[in-house]
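Topology and contacts: notes
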Amino acid sequence: MKVGYIQTSPVFGEKERNFNEVKKQSKNLKADLIVLPELFATGYTFTSKEEAVSLAEDLKSETAQFLIEMAKTTEAVLVAGFIEKARGSIYNSAMIASSEAVLGSYRKIHLYNKEKFWFSPGNKPLNVYKIKGVNIGIMICFDWIFPETARTLALLGADIIAHPANLVMPFCQKAMTIRCLENRVFAITSNRIGEEKRGDNHFKFTGRSQITSCDSEILSTAPTDENFVDIIDIDILKAKDKKLNKINDIFEDRRVEFYNAILKGGNYVNESK
Ligand code: ACM
């Protein structure tokens, strides 16, 4: 299976310019799955909820049409971040699109920093999309710090996690080697580069998009400060085998009855409060 990412440098609010940048980078590109960054068409650093609302879309509007067109020219399924509007709320979402249609969306469940001011937290269950026998799970950026996200996707059968991101901290790339190892899944973290200084926020995005194998190997790394595209071949069957050796199967060996905190809903008592 040919999978990859396009690492871009979006300009805030300039959807057409950002679509064109992706189009230029994807010239002559062919793959089975391509992941684009979180909020790749709009930028990230909002100064008000109204601003985010003004850039929001449903699953039929211009970002959807752009991704369907991209799917046609690349022959790939695309996963990409956008602002989703639905029933009077907006979400930091990712949509998955084939050459024929939008297949669905994932609404980020763990919002980072001021995202909590602009977006509603995701309200749909984590989901896996079966494409030509391969199960694709989706999570977005900061979801990486909650191991439950990748674990849930893996338990739902994900072979590969598509992970659009706008990373501003330096930890995720290393963490993804562990997320992939502990679940024996592949992951494609598609990050952006560049800086956004808007209102009282100044974010510098860290690049280093990464493809991680189910054995925790880093199969592809992008630079920190350049647009970059990579497509590699992976053997997805490896992710379907959860055996570490002849005796240990990382899913069958779980002792769920001992994971009491999780079974009880994980109600953590914060003694510092
Ligand atoms: C992030 O979740 N965009 C840091």
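Residues numbered from 1 in each chain as written. Predicted model: local features only at pLDDT ≥ 70, side-chain atom pairs only at ≥ 80, totals over all residues. Heavy atoms only, no water.

One face of the sheet, then the other: side chains in a regular strand alternate in exactly this way. With five of five residues buried, strand β7 (residues 134-138) is to be regarded as a mostly interior element. Along β7, one buried face is formed by Val134, Ile136 and Ile138 and the opposite face, lined by Asn135 and Gly137, is buried too. As defined by bridge partners, strand β6 (residues 128-131) adjoins β7 across four bridges and the pair is classed as antiparallel. Bridge pairing links Val128 to Gly137 in β7. Counted between consecutive antiparallel strands, the loop separating β6 from β7 contains two residues, among which Lys132 sits at a positive phi close to 45°. (Buried < 20%, exposed > 50% of the residue type's maximum accessible area, 1.4 Å probe, protein only. Helix = DSSP H or I, 4+ residues; strand = E, 2+ residues; numbered from the N terminus. Pairing = 2+ DSSP bridges.)

Right, let's talk about the sheet that holds strand β3 (residues 77-86) for a bit. The sheet built from six strands is open, its strands ordered β5-β4-β3-β2-β1-β14 with mixed pairing. The outermost strands of the open sheet, each flanked by one partner alone, are β5 (102-107) and β14 (228-233). On average, adjacent strands in this sheet sit at an angle of 30° to one another, irrespective of strand direction. Bridging between strand β2 (residues 33-35) and β3 involves three bridges; their strand directions are parallel. By the bridge assignment, Ile34 is partnered in β3 with Leu78. (Axes fitted to C-alpha atoms, helices over the stretch in contact; angles between N-to-C directions.)

Packing of helix α1 (residues 15-25) against helix α3 (residues 62-74) brings their axes to within 12 Å, and their N-to-C directions diverge by 10°. In terms of orientation, α1 and α3 fall into the roughly parallel class. Between α1 and α3, the residues in contact are Lys15, Phe19, Val22 and Lys23 and Glu62, Thr63, Phe66 and Met70, respectively. Grouping the amino acids of the contact of α1 with α3 by side-chain chemistry returns four nonpolar, one polar and three charged. (Parallel < 35°, antiparallel > 145°, perpendicular 65-115°, else oblique. Contact = heavy atoms within 4.5 Å. Nonpolar A, V, L, I, M, F, W, Y, C, P; charged D, E, K, R; others polar.)

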